[in-house]
Amino acid sequence: MRGITIYQVYATFEHSANLELAISSLEKNGIGKNDIFAVPLTNRKLERKLFDSIHHTDGVSLLSTGAALATAFSVVGASVGFRLAWGPIYWGLIGAAGGFLCGFLIDFVYYKVVKKRQRLLRGKNSEVILIVECDESHCDTVERILWHHFALGTARVEI
């Protein structure tokens, strides 16, 4: 005879009344208090670093737009430089430096101001992990209750 399969259902929530309502609904549907475990998370308080080190990178590059604009501005500077006093080489280098600086500043402002504002406006942070231990027959009901009470995400693991 095969035994009862036990599952753990994980869900993330914002810390709100919906979390309390979800826990109450789970208890009303036969899940015991000892089978429900809520863990509050500590969210990042410091801003992310924009400049990467050799050992840590976050996938954000402040150099790509600068490199593209440096190429474009150096070509234009070298072309115009044939008619100017310092010649095409100096004006090409001046164009490259100006384009790189312009592109770097565009990326810096974008990631420092625009992305930060978007993160603040979005405002959906996982603040609590809820772990519910139940048998296989209750898993669908537990997940339905969690989704009904606005869980940010769920997962089911057999233990």
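Keep in mind that what you see is a predicted model, and the values were worked out from it rather than measured.

## Some remarks on the UniProt feature "transmembrane region" (unreviewed entry) in the chain
Point 1. On the UniProt side, "transmembrane region" (unreviewed entry) is annotated at positions that read residues 59-82 and 88-111 here.
Point 2. End C-alpha to end C-alpha, residues 88-111 measures 34 Å, and it is 100% helix and 0% strand.

## Side note on the nonpolar core
Point 1. Ranked by size, the top nonpolar core spans 19 residues in total, and within it Phe 13, Leu 26, Ile 31, Leu 130, Val 142 and Leu 146 carry the most contacts.
Point 2. For this core, the secondary structure elements donating two or more residues are strand 1 (6-13), helix 1 (17-28), strand 3 (128-135) and helix 4 (139-148).
Point 3. If we ignore the near neighbours within four places in the chain, the residues touching Val 142 are Val 9, Leu 26, Ile 31, Val 132 and Cys 134.

## Concerning the sheet that holds strand 4 (residues 153-158)
Point 1. Taken together, the four strands give an open sheet; going across it, the order is 2-3-1-4, and neighbouring strands pair in antiparallel fashion. The sheet is open, and its two borders are formed by strand 2 (36-40) and strand 4, each paired with just one other strand. On average, each strand axis in the sheet is tilted by 20 degrees relative to the strand beside it, whichever way the strands run.
Point 2. The pairing of strand 2 with strand 3 spans five bridges and is antiparallel. Residue pairing across strands places Ala 38 opposite Leu 130, the latter belonging to strand 3.
Point 3. With respect to the sheet, helix 1 is in contact with strand 1, strand 2 and strand 3, its orientation differing from that of strand 3 by roughly 10 degrees.
Point 4. In the packing of helix 4 onto the sheet, the strands contacted are strand 1, strand 3 and strand 4, and the crossing angle to strand 4 comes to about 165 degrees.

## Overview of helix 2 (residues 64-81)
Point 1. An ideal rise of 1.5 Å per residue puts 26 Å on 18 residues; helix 2 measures up with 25 Å between its terminal C-alpha atoms.
Point 2. Along helix 2, the positions that sit buried rather than exposed are Gly 66, Ala 70, Ser 74, Gly 77 and Gly 81. Seen end-on, helix 2 carries its buried residues on one side only, within an arc spanning 70 degrees. Facing away from the buried side of helix 2, by more than 90 degrees, are the exposed residues Val 75 and Val 76.

About the thresholds
- Residues numbered from 1 in each chain as written.
- Predicted model: local features only at pLDDT ≥ 70, side-chain atom pairs only at ≥ 80, totals over all residues.
- Heavy atoms only, no water.
- UniProt positions renumbered as here; feature names shortened; annotations may be inferred.
- Helix = DSSP H or I, 4+ residues; strand = E, 2+ residues; numbered from the N terminus.
- Core = buried A, V, L, I, M, F, W, Y, C linked by side-chain atoms within 4.5 Å.
- Buried < 20%, exposed > 50% of the residue type's maximum accessible area, 1.4 Å probe, protein only.
- Contact = heavy atoms within 4.5 Å.
- Pairing = 2+ DSSP bridges.
- Axes fitted to C-alpha atoms, helices over the stretch in contact; angles between N-to-C directions.
- Expected span 1.5 Å × (residues − 1).
- Arc of directions from axis to C-beta.

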